[in-house]
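# Understanding the architecture of this molecule
The lines below spell out each chain.
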Amino acid sequence: MSALYGTYARSELAFERGKGVRLFSQDGTPYLDFHSGIAVNALGHGDEYVVNALKAAAERVWHTSNVFTIPEQEKLGQRLVDNTFADACFFTNSGTEAIECAIKTARHHFFANGQPDRYEIIAFTGSFHGRTLGAIAAGGNPSYLEGFGPALEGFVHTAPGDLAAVEALISDKTCGILIEPVQGEGGVSAMPVEFMRGLRALCDKHGLLLILDEVQCGYGRTGRFFAHEWSGITPDIMAVAKGIGAGFPLGACLATAEVAKSMVPGTHGSTYGGNPLACAIGNAVLDRLMAPGFLDEVDRMGQRLAWHLQQLQQRFPHHVVELRGKGLLAGIKLATPVKDFVLRLRNDQHMLAQSAGDNVLRLLPPLVITEADIEEAVGKIAAAFEAMDAEPSAQARSA
Ligand SMILES: *Cc1c(COP(=O)(O)O)cnc(C)c1O
């Protein structure tokens, strides 16, 4: 029996090396990785540039403390600020901590402005914000909240897409609206541009903060640096993680100067957050993402993936219920149980993908894929559909 908590329904599959879009299991079998450690391995496996940066950083100082200046952190922070709406950032080790910082920043902004009772955040059903007590309250998923005592107070939820329903929830307690521009875990739904603009307008009208969770959809995944850029709006606060370290634990909360200014000494902290080793890697990942043409190519691959998936849907309309997502955060709502299909892809086709809510197959390839990789992946999905159609149970159904 494993010595680990039983919190994951783990596969016995273990990988021992990786190169680009491929992972190799202990017996040497290659797997096509359209999972990327759930949207983390943005540069695939073994990216030479980042590996070299890690090796160099390992020979320098790994960790000091945030009581000292950390030049790598200053540099990464400045670059994030230079390339986004933000004026300041706080580094964390994970997405859920970035969300915690976002919630605390929003609440503290109103506290410092003499409105301590404005702490309520409007969030959305189908969202996922992480697993800390604050994040499960923000996500509002009853099955993640059950058994952990009273949920952190101060969150209300409504279904995404309905601006009037959002406005109806605004009260003199409301401090902000929290949303994933593309819901990942919940079912790969991209928020319509008009809805995102409407939320920004509601925040402006009522003096609220727009808080975006771009932990999964950000950092290039949709073909722009951040997904909200597609709607032409900017948030006041944003949580970032996953791709930012491309496999090294790192996250960040970004904010405007106006909002960040109340986060003074003593209000928040992290022992590891933004340590020299993490930020050296973060800087190397950002070098790769910001190289001329990189994000344009991600955008192009996102469009090619969408095109190939449309062809797949035309061939297999009895399997593909709906196509979802944006860029390289793509979803296929399936007609048959997605968990079984994920296993089928893994065991029979040696392809890794992830399930999401609402019976959606989630495709999260590394951002460095080529069109040949996309064709291979779509070919494997097609082969899995064909195998299902050829099985006796399927023939019995159609007879
Ligand atoms: C993964 C995820 C989180 C939580 O990140 P962790 O690093 O697992 O804490 C939060 N929000 C979104 C949208 C995510 O996809």
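## Some thoughts on the site of the ligand
Inspection of the region around the ligand gives Ser94, Gly95, Thr96, Phe128, His129, Gly130, Glu180, Asp213, Val215, Gln216 and Lys242 as its neighbouring residues. Within the contact set of the ligand, a nitrogen atom lies 2.7 Å away from a side-chain nitrogen or oxygen of Asp213. Lys242 is positioned such that a nitrogen or oxygen atom in its side chain is 2.6 Å from an oxygen atom of the ligand. For the shell around the ligand, the class distribution of residues is 2 nonpolar, 6 polar and 3 charged.

## Focus: the pairing of strand β14 (residues 329-334)
For β14, the buried fraction is high: 6 of the 6 residues fall into the buried class. Residues Leu329, Gly331 and Lys333 of β14 are buried on one face, and the alternating residues Ala330, Ile332 and Leu334, pointing to the opposite face, are buried as well. Joining the antiparallel neighbours strand β13 (residues 320-326) and β14 is a turn of 2 residues, in which Gly327 adopts a positive phi near 60 degrees. Bridge count between β14 and strand β17 (residues 360-363): 4 bridges; the pairing is antiparallel. Its bridge partner lying in β17, Lys333 is registered against Val360.

## Side note on the layout of surface pockets
Space inside the second largest pocket adds up to approximately 360 Å³. Asn66, Gln73, Glu74, Cys89 and Phe91 are the residues nearest the centre of the second largest pocket, which is lined by 18 residues in total. Secondary-structure elements contributing two or more residues to the lining of the second largest pocket are α3 (71-82) and β4 (88-92). Per-element tally for the lining of the second largest pocket: the top contributor is α3, with 5 residues. Tallied by class, the residues present in the lining of the second largest pocket amount to 7 nonpolar, 9 polar and 2 charged.

## Examining the packing of aromatic side chains
Evaluated as defined, the whole model comprises 8 aromatic pairs. Here Phe128 and Tyr144 contribute two aromatic rings whose centre-to-centre distance is 6.0 Å and whose plane-to-plane angle is 85 degrees, an arrangement assigned as edge-to-face. On the criterion of sequence distance, the pair formed by Phe128 in the loop between β5 (120-124) and α5 (133-139) and Tyr144 in helix α6 (residues 142-145) is long-range, its members being 16 residues apart. Residue Phe128 is classed as buried on the basis of its relative accessible area of 18%. Owing to a relative accessible area of 21%, Tyr144 belongs among the partly exposed residues under this scheme. Ring centres of Phe225 and Phe226 lie 4.4 Å apart, and the angle between their planes is 45 degrees; on these two criteria the pair is classed as tilted. Accessibility expressed as a relative area gives 3% for Phe225, which makes it buried. Members of the aromatic cluster, connected to one another through ring pairs, are Tyr219, Phe225 and Phe226.

## Brief notes about the domain arrangement of the chain
When its domains are assigned, the chain resolves into domain 1 (15-46 + 293-398) and domain 2 (49-289). Using C-alpha coordinates to define each centre, domain 1 is positioned 28 Å away from domain 2. Contacts between domain 1 and domain 2 engage 30 residues on the former and 26 residues on the latter. Both faces considered, domain 1 and domain 2 share a buried interface measuring about 2200 Å² in area, 64% of it formed by carbon and sulfur atoms.

## Topic: unusual backbone geometry
Most peptide bonds are trans, and most residues other than glycine sit at a negative phi. If you check the backbone angles, Ile38 has positive phi at about 55 degrees while not being a glycine. Within the secondary structure layout, Ile38 lies in helix α1 (residues 36-39). Notably, His350 is not glycine yet its phi reads approximately 55 degrees, a positive angle. Counting through the fold element by element, His350 comes out in the loop between α12 (338-349) and β15 (351-352). On the accessibility criterion, His350 (29% relative accessible area) is partly exposed.

About the criteria used
The written sequence of each chain sets the order in which its residues are numbered from 1. Restriction of local features to residues with pLDDT of at least 70 applies here, the model being predicted, together with a cutoff of 80 or more for giving and counting side-chain atom pairs; totals for whole chains, interfaces and linings are based on all residues. For side-chain calculations, the full set of non-hydrogen atoms in the structure is used, while hydrogens and water are omitted. Any residue with at least one heavy atom within 4 Å of a molecule or strand is counted as near it. Any N or O atom pair separated by 3.5 Å or less is treated as a polar contact, with the protein-specific requirement of one donor-capable and one acceptor-capable atom, and with residues adjacent in sequence counted only for side-chain atom pairs. Classes in brief: Ala, Val, Leu, Ile, Met, Phe, Trp, Tyr, Cys and Pro nonpolar; Asp, Glu, Lys and Arg charged; the others, Gly included, polar. Per-residue accessibility, obtained with a 1.4 Å probe over protein chains only, is compared with the maximum for each type, and a residue is labelled buried under 20%, exposed over 50%, and partly exposed between these values. Secondary structure elements follow DSSP: runs of H or I no shorter than four residues count as helices, runs of E no shorter than two count as strands, and numbering proceeds from the N terminus. Two strands form a pair only when DSSP identifies at least two bridges running between them. Any residue with an atom within 4 Å of a point lines the site, the site being either a cavity, points on a 1 Å grid over the protein atoms alone where a 1.4 Å probe fits but cannot get out, or a pocket, an open set with protein on both sides within 12 Å along at least 5 of 7 lines. Grid points are joined across faces, edges and corners, and a volume is the space filled by probe spheres set on the points. Any two of the Phe, Tyr and Trp rings considered here, Trp counted by its six-membered ring, make a pair once their centres fall within 6.5 Å; the pair's planes then place it as stacked at under 30 degrees, edge-to-face at over 60, or tilted in between. The start and end points of each domain follow an automatic or database-based domain assignment. Any two residues whose heavy atoms approach within 4.5 Å at even a single point are treated as in contact. Two parts placed together each lose some accessible area under a 1.4 Å probe, and adding up what both lose gives the buried area.

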